[in-house]
Amino acid sequence: MLRKLASGILQRHTAAQCAVPVARMSQYGPHFIQPIIDKQKIDALQESGDLSKISHVPIKAALNNQTSSVFYDPLVSQFTNYVMKQGNKALARELVEKGFENIKRLQLERYHLAETEEEKAKIELNPRKLLHQAVENCRPLLQLTPIKRGGVRYQVPVPITEKRSYFVAMKWLLEAVREKERTVHFPEKMAWEILDAAANQGKVVKRKHELHRQCEANRAYAHYRWS
């Protein structure tokens, strides 16, 4: 009797050890909603009266890199992440801030050298706005993707998504910065490239135009995108 009881306990213990663990759910149930970080969206919900509808709905915790501060700029934060190497974000943030200081210094020199008020009004002094303008000028609208048809690989022009275009623009900017001479520090090179791109000039804008010319030259293969 004792032997049967011991063997039964042993079998149940062995089966419990061999059981496949069940995948756990997220710590938030399906009724939790995403947090609203953008202050403009919160103001819009408050004006429309929809904010009261979600006042008693459980909300997920915000990520550690999300904030509703007026000084937070998602494009600058994304650009800082692309500058970062080996997880050293403090160094990347310091380099970007020094680059903004150089941009501000160069723009102030141009502002004080301007003779008329009209010329001064055209000079943008905010480096964050200049970064936005530079990225917008560098964003490609099309990209080439290889598609194989009949044993031949064609470069087919296809539209690029908005998220991908922002990534490509910032990637090209940083590649142009790092290709410059190594005797010049990173913040100075970054300031020059952003100012050139903001003025719709420089290496990155030429690279975008070259990509668009290649897409225009390969437009005869555009139908392979759907075939």
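Preceding this section is the structure that the text describes.
Reading the values: rules and limits
- All chains use their own residue numbering, which begins from 1 and follows the written sequence.
- Under the rules for a predicted model, residues below a pLDDT of 70 receive no local features and side-chain atom pairs below 80 are neither given nor counted, while totals for whole chains, interfaces and linings still include all residues.
- With hydrogens and water stripped out, all remaining heavy atoms of the structure feed into the side-chain values.
- A helix here means a DSSP run of H or I that spans at least four residues, while a strand means a run of E at least two residues long, and both kinds are numbered starting from the N terminus.
- The buried label goes to any residue with under 20% of its type's maximum accessible area, the exposed label to any with over 50%, and the partly exposed label to all in between, with areas taken from a 1.4 Å probe on protein chains only.
- Residues are treated as being in contact if the distance between any of their heavy atoms lies within 4.5 Å.
- The method behind every accessible area is Shrake-Rupley, applied with a 1.4 Å probe, and residues are considered shielded solely by the protein chains displayed.
- Definition of a polar contact: a pair of N or O atoms within 3.5 Å, with one able to donate and the other able to accept a hydrogen when the atoms are protein atoms, and with sequence-neighbouring residues admitted only if both atoms are side-chain atoms.
- Points on a 1 Å grid over protein atoms alone make up a cavity when a 1.4 Å probe fits among them but cannot get out, and a pocket when they form an open set with protein on both sides within 12 Å along at least five of seven lines; lining residues each have an atom within 4 Å of a point.
- Grid points are joined across faces, edges and corners, and a volume is the space filled by probe spheres set on the points.
- Here the term charged refers only to Asp, Glu, Lys and Arg, the term nonpolar to Ala, Val, Leu, Ile, Met, Phe, Trp, Tyr, Cys and Pro, and the term polar to all other amino acids, Gly among them.
- Here, the term nonpolar core denotes a set of buried Ala, Val, Leu, Ile, Met, Phe, Trp, Tyr and Cys residues that are joined through side-chain atoms within 4.5 Å.
- In this description, the arc belongs to the directions extending from the helix axis to the C-beta atoms.

Glancing now at the overall build of the protein. Per the secondary structure count, the protein includes nine helices and two strands. Put simply, the protein runs from its N terminus to its C terminus through helices and strands in the order α-α-α-α-α-α-β-β-α-α-α. In the protein, which comprises 227 residues, the share counted as buried stands at 26%. Residue pairs at least 24 apart in sequence account for 67% of intrachain contacts in the protein once pairs closer than 6 positions are excluded. Summed over all atoms, the accessible surface of the protein reaches about 16,500 Å², with 54% contributed by carbon and sulfur.

A separate point is the side chain of Arg-139. Its place among the elements puts Arg-139 in the loop between α6 (127–138) and β1 (142–149). A polar side-chain atom of Arg-139 sits 3.2 Å from a polar atom in the side chain of Glu-136. A polar atom in the side chain of Arg-139 sits 3.0 Å from the side chain of Ser-165.

Looking now at the layout of surface pockets. Computed from the structure, the largest pocket encloses a volume of approximately 410 Å³. Ranked by the residues each element gives to the lining of the largest pocket, the list is headed by helix α2 (residues 39–48), at three residues. In terms of residue class, the lining of the largest pocket is made up of six nonpolar, four polar and three charged. In this structure, the second largest pocket spans a volume of roughly 270 Å³. What lines the second largest pocket is a set of 13 residues, among which Lys-85, Leu-95, Arg-178, Phe-186 and Lys-189 lie closest to the centre. Of all the secondary-structure elements, those providing two or more residues to the lining of the second largest pocket are α4 (89–113) and α8 (186–198). Per element, the largest residue contribution to the lining of the second largest pocket is three residues, and it comes from α4. Here the lining of the second largest pocket is composed, by residue class, of seven nonpolar, two polar and four charged.

Grouped together as the largest cluster of nonpolar side chains are 34 residues, with contacts concentrated most on Phe-79, Val-135 and Met-190. Where this core is concerned, the elements lending two or more residues are α3 (74–83), α4, α6, α7 (162–179), α8 and α9 (202–217). Per-element accounting of this core gives the leading share, nine residues, to α7. Beyond its immediate chain neighbours, meaning those up to four positions away, Met-190 contacts Phe-79, Leu-95, Val-96, Gly-99, Phe-100 and Val-177. Within the second largest apolar cluster, five residues are counted, among which are Ile-147, Val-156, Val-158 and Tyr-224.

Attention shifts here to α3. Helical geometry note: an α-helix holds 3.6 residues per turn, so side chains three or four residues apart project in the same direction. For α3, the full list of buried residues reads Leu-75, Val-76, Phe-79, Thr-80 and Val-83. The buried residues of α3 occupy an angular sector of 140° when the element is viewed end-on, so they sit on one face. In the core, the buried residues of α3 are packed alongside α4, α6, α7 and α8. The opening residue of α3 is Asp-73, an N-cap whose side-chain oxygen sits 3.2 Å from the backbone nitrogen of Leu-75.

Read these as spatial facts, not as claims about activity.
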